[in-house]
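A structural walkthrough
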Amino acid sequence: MQIIKREQCKQKPNADAPLGFGHYFTDYMFTMKYTANEGWHDAKIQPNEPLRFDMATSIFHYAQGIFEGMKAFRQPDGSVGVFRPDENWARMNNSARRMCIPEFPVSVVEEGLEELLKLERDWIPHGAGTALYIRPTIVATRVMLGVHASTEYLFFIILSPVGSYYAHGLEPTKLLVEDYYTRATLGGTGEAKCLGNYAASMKAAEEAEAKGFDQVLWLDAQEKRYVEEVGSMNIFFVIDGEVVTPALVGSILPGITRKSCLHLLRERGYKTSERRISIEEVIKAACDGRLTEAFGTGTAAVISPVGLIRYKGVDYEIGGGKMGTVTKLLYDTVTGIQNGVIADEYGWMKRIS
Ligand SMILES: *Cc1c(COP(=O)(O)O)cnc(C)c1O
């Protein structure tokens, strides 16, 4: 793979300053182009610097674009491990199909990411709870205002050293049940990791934040009755000892952390179920003391305990504001596997030497 070197590298963030999420970016990026004539081509690693785009570039107008999020971690033996990248590449190609973006060859981006990580390994932070966040994205780059799928695309991967996703770390989060705005509808793009899903969700998130909440808990668009997911995470509830998460009905993003948690729970003999779960059922269980835990799952925050939900103006506390045992087991196991301190029995970590 071609590597275009930069003359001067950037200053890395101070080792003891908090990294936050997505504030710092490394020296290089992977890029690859698509044209109708050549298909995906020109895969290379180049300095991560601003590129120039015509103002009529279609991504700016119609948001025909998709992204992924995964993480690389330092391993005790000094190597680098990426958590389940094959799953992300497969999901990205699913998103591509939904958004009329041509599928990309996985082997090329796999090699691109590997070369990029080898070049940027010094950027992987050392502190507990930190990682190198990997952001692959595809944007439509044809210069044209007609509303059609683009015939040109840019694939890029940028890297960002990150700390905890939330400012207050592992403190239980407060969720506002959103009963007006909709994130996704059946037949829409909720299942795809496309750029526009987030643009559509910001209004609700902003209003929830203004009321002191961390995220919104989305309900289904049709009836505003069934729980779907949290802002950028899938949602789980522990009710009467059963671990329940909404079934992937078509408007829910199929999270890889969600899938990994279900796998770990089943291996450990927990009763799990993927089914539709109504907000009334959650509230009733909370009132009866049968809802013992709730947590969100996603690459950025990993496992995030939920301490409170507000529905129709009433607050319901969950787990006494503390992290529950199932939540903690999953957090410790997933992060343990990611950091190489718990044996990776399932072959989830891809090693980069
Ligand atoms: C990415 C994402 C998730 C979590 O998926 P992971 O693969 O676990 O990171 C959940 N919901 C939405 C809307 C997402 O975009």
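Above this text sits the structure in question.
I will try to describe carefully the structure that is included in this document.

About the cut-offs
- Residues numbered from 1 in each chain as written.
- Predicted model: local features only at pLDDT ≥ 70, side-chain atom pairs only at ≥ 80, totals over all residues.
- Heavy atoms only, no water.
- Helix = DSSP H or I, 4+ residues; strand = E, 2+ residues; numbered from the N terminus.
- Expected span 1.5 Å × (residues − 1).
- Phe/Tyr/Trp six-rings, centres within 6.5 Å; stacked < 30°, edge-to-face > 60°.
- Buried < 20%, exposed > 50% of the residue type's maximum accessible area, 1.4 Å probe, protein only.
- Lys NZ or Arg CZ within 6 Å of the ring centre and 35° of its normal.
- 1 Å grid on protein atoms, 1.4 Å probe; cavity = no way out; pocket = protein on both sides within 12 Å on 5 of 7 lines; lining within 4 Å.
- Points joined across faces, edges and corners; volume = space filled by probe spheres on them.
- Nonpolar A, V, L, I, M, F, W, Y, C, P; charged D, E, K, R; others polar.
- Near = heavy atom within 4 Å.
- Polar contact = N/O pair within 3.5 Å; in protein donor to acceptor, adjacent residues only side chain to side chain.
- Areas by Shrake-Rupley, 256 points an atom, 1.4 Å probe, with all protein chains shown as cover.

With that settled, the discussion passes to helix α5 (residues 256-267). The first and last C-alpha atoms of α5 sit 16 Å apart over twelve residues, in line with the 16 Å expected at 1.5 Å per residue. The first or second residue beyond α5 is glycine 269, which carries a positive phi of 85°.

Right, let's get into the packing of aromatic side chains. Throughout the structure, instances matching the rule amount to 14 aromatic pairs. Pairing tryptophan 40 with phenylalanine 155 gives two aromatic rings, centres 6.2 Å apart and planes at 85°, and the pair type is edge-to-face. Pair noted here: tryptophan 40 is in strand β3 (residues 39-47) and phenylalanine 155 is in strand β8 (residues 152-162), with a separation of 115 residues, a long-range link. The class of phenylalanine 155 is buried, set by a relative accessible area of 0%. Pairwise contacts between aromatic rings join Phe30, Tyr34, Trp40, Trp89, Phe104, Tyr153 and Phe155 into one cluster. The ring of phenylalanine 213 has lysine 174 lying over it, and the distance from NZ or CZ to the ring centre is 5.9 Å. A cation over an aromatic ring shows up here: arginine 276 above the ring of tyrosine 226, its NZ or CZ 3.9 Å from the ring centre.

This part takes up the layout of surface pockets. Its boundaries defined by the atoms lining it, the second largest pocket holds a volume of some 670 Å³. Considering the residues around the second largest pocket, the lining is formed by 42 residues, among which Ala128, Gly129, Thr130, Gly163 and Ser164 are closest to the centre. Contributing elements (two or more residues each) for the lining of the second largest pocket: β5 (70-74), β16 (302-311) and α7 (325-338). In terms of residue count, β16 provides more of the lining of the second largest pocket than any other element does, four residues in total. For the lining of the second largest pocket, the per-class residue count stands at 23 nonpolar, 14 polar and five charged.

Around the ligand, the surrounding shell holds 15 residues, and the nearest of these are Lys193, Tyr198, Glu229, Thr257 and Thr299. Tyrosine 198 has a polar side-chain atom sitting 2.6 Å from an oxygen atom of the ligand. The contact in question runs from an oxygen atom of the ligand to an N or O atom on the side chain of threonine 299, over 2.6 Å. Considering the ligand on its own, with 380 Å² of exposed area, one finds that the protein chains cover 96% of that surface. Of the residues contributing to the shell around the ligand, the split by class is four nonpolar, seven polar and four charged.

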